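# Architecture at a glance
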Amino acid sequence: MAKELLKGNVAFAEAAVRYGLEAYFGYPITPQSEALEHLSGRMVELGRVFLQAESEVAAVNMVYGAASAGVRVMTSTSGPGFALMAEGLSYIAGSEVPAVFVNMMRGGPGLGNIQPSQADYFFMTKTAGHGDFHPLVLAPASIQELIDMMGLAFELAEKYRTLVYIAGDGSLGQMMESAELPPMQPLREKRPDWAVIGCEGRDPNIITSLYLGAKNLEAVNIRLQKKLAEIKQNETRWKEYETEDAEILLVAYGTVGRICTSVVRESRKQGLKIGLLRPQTLWPFPDTRIRELAAQVKAILVSEMSAGQMLEDVERTAQGQCPVKFYGRLGGVVPLTDEILSETRKLVREVA
Amino acid sequence: MSIEVKIPDEMELVYEYPDALTEVSSHYCPGCTHGIVHRLVAEVIDELGIREKTIGVAPVGCAVLAYKYIKTDFVEAAHGRALAMATGIKRVNPDKIVFTYQGDGDLAAIGTAETVHAANRGELLTTVFINNAIYGMTGGQMAPTTLPGMITTSSPTGRDVITAGYPIKMSEILAQTTGAVYITRESATNLGAIRKTKKAIKRAFMAQIAGLGYACVEVVSTCCTNWNMDPWEAMKWAEENMTEYFPLGTFKMTDEVKALQVR
Ligand SMILES: Cc1ncc(C[n+]2csc(CCOP(=O)(O)OP(=O)(O)O)c2C)c(N)n1
């Protein structure tokens, strides 16, 4: 396939189609509506399921239903809509059905604005839904990575029967760049054997998150935690840039992670030993590697479009081995390369 | 626990467990009408021969464990979201039969939006809606269908319509939606009514099988435990009081649904 100029929201929607998306349920919200619009045409054209729901509450429960029936299903939204989905996310986690969610984060709290933000980090990695569970959270930094992660998201969701979120932001959804879409893949022919499709020739399948009795539920919780540990073991992903001899480590994900690659390039030109670790999974978080690097570098600078959310995970994993500083922009402001570069230089002087 | 019954040779079997009803004793309170309606659903599923192609959606409410009793594939939805979940299931299984079984808190309070929109889209779904005028599972609080003046654990001096508003008439509302093809209110409070209810449930399933549109059978029911009545008294009370505010009858039936031969 050749490279084309693609808008982020259209790119992930079309990538999902080509990776075998069978059903999409969603509700319009900026800055991700182009995905829903694209799928409203494409899915119908291909004889697949598209439905504009009456709310995100309905959308997540439609996803839950279709996932229970064992099809490849997703929705996409932004903060306010994702918040409405929280109860459904928890049910999906408890029932262990695979489903994929894209959150193109926008400024908050409340209605906030429609500018890019990373302020849903806590919500996506730790708090979206009641009860003990973690989703797998992928964080793309370019449209190509967004496309590739759609395929990975379905694969991981189905492999572990779990929730996978893609943590994008408004700029990733709205910008255009050249990227390559995957070729059209055939739809899966067979539904998984746990799916609810009618009990012909077998005992009924039940999809539920209800386990009466404390000991029963505890056993389920322990099993879920084992699965999460396995995900942590196998699926932690990150990218490193110039970390071998780094004295200052930048940690940033998504759009800010990408900006930080420019910061590294610029600072290296200026002879500064700066490296970058860009988490590609926010949960599981690259704890072990950050811990190792924290022992090697003089200081860490975390940068986010938030007041410092991933910062808490970096502090936790660095375990006090080196100072951890933060530079963030809020309200939908995207930090510029120069801003982060000057923060980095300041830190170089401080630790010299 | 399965129940072993040995029938003497000289006796004829005239009444038995439907195939679609699992042989276990239920968790429902003695005298609860959920059990009656579960049985009706199971009988209808058997008579239509659809057990192996039916998917049930259980609510949050006393019927949360419906899947332990009705022997089809089942999911357990979040409170009020049964029809959204059922929509997801049906859209990707268009050749299967999907039904929801919901209480009044589930369908008419927390899930009103999902209910009205599923009906209005004309989803090919069947709903069995148990209206017992109370939140049974959580201990007898006021429901959207609690009658004016009725005492509950959260309306201790009786439902005050000035502050709590009036009971919601869901069948009347659903009958206004374009996508609904069959909306009826029946009852489970006497034998004649139960027979009619079964016929209505059967028609509602047949409407789905025929691809006609959304169908909902509301069943005026009792909750003797939370009404603080014995079962018989509760039946009488429902007949005298509930059906006055919630008149029985069919609120919408298209010609195609009317033409279905329901036996
Ligand atoms: C989001 C949410 N809110 C509240 C509850 C608690 N809850 C469980 S069942 C129920 C009411 C059920 O009443 P109804 O639907 O009338 O069914 P019944 O138990 O009477 O059969 C409530 C409020 C819940 N499980 N989830």
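What you are looking at is a predicted structure, and each value in this text was computed from that prediction instead of being measured.

### Observations regarding the interface of chain A and chain B
With 36 residues of chain A at the contact, the number on the chain B side is 33 residues. Of the roughly 2,500 Å² buried where chain A meets chain B, counting both sides, 61% is carbon and sulfur surface. In this structure, the connection of chain A to chain B is made through 3 salt bridges. At the junction of chain A and chain B, the tally comes to 17 residue pairs in polar contact (both at pLDDT 80 or more). Put simply, the parts of the chain that give the side of chain A that touches chain B at least two residues each are β2 (23-26), β3 (49-52), α3 (56-68), α5 (86-95) and β9 (206-207) of chain A. Broken down by element, the side of chain A that touches chain B gets its largest block of residues, 8 residues, from α3 of chain A. A breakdown of the residues in the side of chain A that touches chain B according to their chemical character gives 22 nonpolar, 8 polar and 6 charged.

### Some remarks on empty space enclosed by the protein
Residues and elements named next belong to chain A. Enumeration over the complete set of coordinates arrives at 2 cavities of 30 Å³ or more. There is about 100 Å³ of room inside the largest cavity. Per-element accounting of the lining of the largest cavity gives the leading share, 3 residues, to helix α9 (residues 214-235). Residues that form the lining of the largest cavity fall into these classes: 5 nonpolar, 2 polar and 4 charged. Considering only enclosed or pocket space, the second largest cavity measures out at about 30 Å³ in volume. In terms of lining residues, the second largest cavity is bounded by V71, R72, V73, P98, A99, V100, F154, A157 and E158. Looking at the lining of the second largest cavity, the element that brings in the most residues is helix α7 (residues 143-160), giving 3 residues.

### Considerations on the environment of L83 of chain B
Residue and element names in this part refer to chain B. Locating L83 in the fold gives a position in helix α2 (residues 82-92). Here L83 falls in the buried class, since its relative accessible area comes to 1%. Residues L83 and K53, 30 residues apart in the sequence, show an inter-C-alpha distance of 18 Å. Discounting residues that sit within four places of it in the chain, L83 has contacts with T100, Q102, E114, T115, A118, L125, T127 and Y214.

### Some words on the domain arrangement of chain A
Residues and elements named next belong to chain A. When the domains of chain A are assigned, the result is domain 1 (4-234) and domain 2 (238-351). With centres defined by C-alpha atoms, the gap from domain 1 to domain 2 works out at 28 Å. Contacts between domain 1 and domain 2 engage 33 residues on the former and 26 residues on the latter. For the pair domain 1 and domain 2, the two sides together bury roughly 2,400 Å², of which 53% comes from carbon and sulfur. Across the contact surface, domain 1 and domain 2 share 4 salt bridges. Here the element with the most residues in the side of domain 1 that touches domain 2 is helix α6 (residues 121-127); it accounts for 4 residues.

### Some words on the packing of aromatic side chains
Taken as a whole, this structure holds 12 aromatic pairs over all chains when the rule is applied. Summarising the aromatic geometry, the rings of Y245 of chain B and F246 of chain B are spaced 5.1 Å apart at their centres and angled 75 degrees between planes, so their arrangement reads as edge-to-face. With respect to class, Y245 of chain B is no different from F246 of chain B; both count as buried. Cluster of aromatic residues (ring-pair linked, three or more members): F82, F101, F123 and Y165 of chain A. Note that K169 of chain B overlies the ring of Y245 of chain B, its terminal NZ or CZ placed 4.4 Å from the centroid.

### Focus on the site of the ligand
Residues in close proximity to the ligand total 17 residues, the closest being C62, G105, D106, G136 and M137 of chain B. The ligand sits at the junction of chains A and B, each of which supplies nearby residues. In the environment of the ligand, an oxygen atom lies 2.9 Å from a nitrogen or oxygen atom belonging to the side chain of D104 of chain B. At a separation of 2.9 Å, an oxygen atom of the ligand approaches a polar backbone atom of M137 of chain B. Of all elements in the fold, only α3 (104-110) and β5 (134-135) of chain B reach the threshold of two or more residues within the shell around the ligand. Broken down by element, the shell around the ligand gets its largest block of residues, 4 residues, from α3 of chain B. For the shell around the ligand, the residue count by class is 6 nonpolar, 8 polar and 3 charged.

Definitions and cut-offs
Residues numbered from 1 in each chain as written. Chains lettered and ligands numbered in written order. Predicted model: local features only at pLDDT ≥ 70, side-chain atom pairs only at ≥ 80, totals over all residues. Heavy atoms only, no water. Contact = heavy atoms within 4.5 Å. Buried area = accessible area lost by both parts, 1.4 Å probe. Salt bridge = Lys/Arg side-chain N within 4 Å of Asp/Glu carboxyl O. Polar contact = N/O pair within 3.5 Å; in protein donor to acceptor, adjacent residues only side chain to side chain. Helix = DSSP H or I, 4+ residues; strand = E, 2+ residues; numbered from the N terminus. Nonpolar A, V, L, I, M, F, W, Y, C, P; charged D, E, K, R; others polar. 1 Å grid on protein atoms, 1.4 Å probe; cavity = no way out; pocket = protein on both sides within 12 Å on 5 of 7 lines; lining within 4 Å. Points joined across faces, edges and corners; volume = space filled by probe spheres on them. Buried < 20%, exposed > 50% of the residue type's maximum accessible area, 1.4 Å probe, protein only. Domains from an automatic or database assignment. Phe/Tyr/Trp six-rings, centres within 6.5 Å; stacked < 30°, edge-to-face > 60°. Lys NZ or Arg CZ within 6 Å of the ring centre and 35° of its normal. Near = heavy atom within 4 Å.

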